[in-house]
Amino acid sequence: MAARRSRPDAPARRGLTVTGKGIVIREAHFPGRAPIEAYGNGGFRFADMSHRGSLMCLPSGIHGWEPANPLALTAADFDRLLAEAGKVEILLVGMGRDLRPLPAALRAALKAAGIASDPMSTGAAVRTYNVLLAEDRAVAAALIAVD
């Protein structure tokens, strides 16, 4: 039986699994849609699990997400989302503790893909995501972790 453990010094986008054959590092991914139960302390809780670092919640599941620079998001930070653009109508972007506008080039790339974007604080994005998810809306969320 495998035990799942996480290390604070491991990259946030990776999962650490300890098995009888050694340690296996894999990309952090929950293969489903789930409400976010809690946020703070640099991470999130969902589906009775915890994740340290930022998250991208997509129709394909919840993925660990590490934007190159959380203060200057680019379209490249959203490649995974853009690959699923046909399944997403609205993107909620949790910008951290404070609301910041999305860069114009990112807004344009999202609009070209048919995705409406709404930046807000991470707390507001979590709450809004949970409501829209419960309504079975075509929603995605990119959530920057807060301490």
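Residues take numbers from 1 onward in each chain, read along the sequence in its written order. Restriction of local features to residues with pLDDT of at least 70 applies here, the model being predicted, together with a cutoff of 80 or more for giving and counting side-chain atom pairs; totals for whole chains, interfaces and linings are based on all residues. As a convention, hydrogens and water are excluded, and side-chain values are obtained from all of the structure's heavy atoms.

Give a description of helix H3 (residues 122-134) that names residues and reports values.
What counts as a helix is a DSSP run of H or I of at least four residues, what counts as a strand is a run of E of at least two, and both are numbered from the N terminus. An expected span of 1.5 Å times one less than the residue number is assigned to each helix. With 13 residues, H3 ought to run about 18 Å at 1.5 Å a step, and its terminal C-alpha atoms sit 18 Å apart, in line with that. By definition, residues are in contact when any of their heavy atoms lie within 4.5 Å. In this structure, the buried residues of H3 make contact with strand S5 (36-40), strand S6 (43-46), strand S8 (54-58), strand S10 (90-94), strand S11 (116-120) and strand S12 (139-143).

Any chance you could break down the sheet that holds S6 for me, citing the residues and the numbers?
Any two strands with at least two DSSP bridges between them are considered paired. Within the open sheet, the 3 strands sit side by side as S5-S6-S7. Their pairing is antiparallel. On the outer flanks of this sheet lie S5 and strand S7 (49-52), each paired with one strand and no other. When the angles between neighbouring strand axes are averaged without regard to direction, this sheet yields 15°. Where S5 and S6 come together, 4 bridges link them in antiparallel fashion. Pairing of Gly 40 across the sheet is with Gly 43, part of S6. Every angle, taken between N-to-C directions, lies between 0 and 180 degrees, and every axis is a line fitted to C-alpha atoms, over only the stretch in contact when it is a helix. Here H3 sits on the sheet and contacts S5 and S6; the angle it forms with S5, its principal contact strand, is near 180°.

So what about the packing of aromatic side chains? Which residues, and what values?
Any two of the Phe, Tyr and Trp rings considered here, Trp counted by its six-membered ring, make a pair once their centres fall within 6.5 Å; the pair's planes then place it as stacked at under 30 degrees, edge-to-face at over 60, or tilted in between. The tally for this structure, following the rule as stated, stands at 2 aromatic pairs. Ring centres of Trp 65 and Phe 78 lie 5.4 Å apart, and the angle between their planes is 55°; this geometry places the pair in the tilted category. Of this pair, Trp 65 sits in strand S9 (residues 61-65) while Phe 78 is found in the loop between S9 and helix H1 (79-83), placing the two residues 13 residues apart along the sequence. For the pair formed by Trp 65 and Phe 78, the shared burial category is buried. Burial classification: accessible surface area is computed with a 1.4 Å probe over protein chains only, and a residue below 20% of its type maximum counts as buried, one above 50% as exposed, and the rest as partly exposed.

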